[in-house]
Amino acid sequence: MPKMELKFCHCLTDYILQHYFHDRQELASALKLQPAEMDEMSPSDLAARIFKYCAVRQIPLDSVIMQLAK
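### Things to note about the packing of helix 1 (residues 3–19) against helix 5 (residues 62–69)
Helix 5 packs onto helix 1 with a crossing angle of 135° between their chain directions and a minimal axis gap of 9 Å. Compared by their axis directions, helix 1 and helix 5 come out oblique. Crossing angle aside, the handedness with which helix 1 passes helix 5 is right-handed. On helix 5, the residues that touch Met4, Lys7, Phe8, Cys11, Leu12 and Tyr15 of helix 1 are Ser63, Val64, Gln67 and Leu68. Of the residues contributing to the contact of helix 1 with helix 5, the split by class is seven nonpolar, two polar and one charged.

### What about the nonpolar core?
In globular proteins that are soluble, nonpolar side chains generally tend to be buried together. By size, the foremost hydrophobic cluster in this structure holds 21 residues, and its most contacted members are Leu12, Ile16, Leu27, Leu31, Met38, Ile50 and Leu61. At the level of elements, helix 1, helix 2 (24–30), helix 4 (43–56) and helix 5 are the ones that each hand at least two residues to this core. Once residues lying within four places of it in the same chain are set aside, the contact partners of Ile16 are Phe21, Leu27, Ile50, Cys54 and Leu61.

### Considering the packing of helix 1 against helix 4
Orientation of helix 1 relative to helix 4, taken along the N-to-C sense of each, is 50°, at an axis distance of 9 Å. As summarised for this structure, helix 1 and helix 4 are arranged oblique, according to the angle between their axes. The interaxial crossing formed by helix 1 with helix 4 has left-handed handedness. Every residue of helix 4 that contacts helix 1 at Glu5, Leu6, Phe8, Cys9, Leu12, Thr13 and Ile16 is listed here: Pro43, Ser44, Leu46, Ala47, Ile50, Phe51 and Cys54. Split by residue class, the contact of helix 1 with helix 4 holds 11 nonpolar, two polar and one charged.

### A look at helix 1
Between its first and last C-alpha atoms helix 1 spans 24 Å; for 17 residues at 1.5 Å apiece the expected length is 24 Å, and the two agree. Turning to helix 1, its buried residues are Cys9, Cys11, Leu12, Thr13, Tyr15, Ile16 and Leu17. Looking at the packing, one finds that the buried side of helix 1 touches helix 2, helix 4 and helix 5.

### Notes on the pattern of salt bridges
Inspection of the entire model under this criterion finds one salt bridge. When the shortest N-O distance is used, the salt bridge between Arg24 and Asp39 registers 3.0 Å. Here Arg24 is found in helix 2, whereas its partner Asp39 is found in helix 3 (residues 35–40), with 15 residues between them in sequence. Looking at Arg24, the relative accessible area reads 34%, which means it is partly exposed. Classification of Asp39 by relative accessible area gives exposed; the value is 53%.

Criteria and thresholds
- Residues numbered from 1 in each chain as written.
- Predicted model: local features only at pLDDT ≥ 70, side-chain atom pairs only at ≥ 80, totals over all residues.
- Heavy atoms only, no water.
- Axes fitted to C-alpha atoms, helices over the stretch in contact; angles between N-to-C directions.
- Helix = DSSP H or I, 4+ residues; strand = E, 2+ residues; numbered from the N terminus.
- Parallel < 35°, antiparallel > 145°, perpendicular 65-115°, else oblique.
- Left-handed = near helix turned anticlockwise from the far one by under 90°.
- Contact = heavy atoms within 4.5 Å.
- Nonpolar A, V, L, I, M, F, W, Y, C, P; charged D, E, K, R; others polar.
- Core = buried A, V, L, I, M, F, W, Y, C linked by side-chain atoms within 4.5 Å.
- Buried < 20%, exposed > 50% of the residue type's maximum accessible area, 1.4 Å probe, protein only.
- Expected span 1.5 Å × (residues − 1).
- Salt bridge = Lys/Arg side-chain N within 4 Å of Asp/Glu carboxyl O.

Next up, the structure:
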């Protein structure tokens, strides 16, 4: 996986956890996953699920993009 893609995946996951969920278990539940399933997913697959979740709920991701610019 390219370095920039991996950075995006981690930034997205961290941002969502910091601003919308209390912990990984709550995030997993919102994504309709078990925590163990979420841990087994590749970072890009997890980011895709989170991105879809944000799109459906119209959660802005401007802050994630700004983090990548740093």
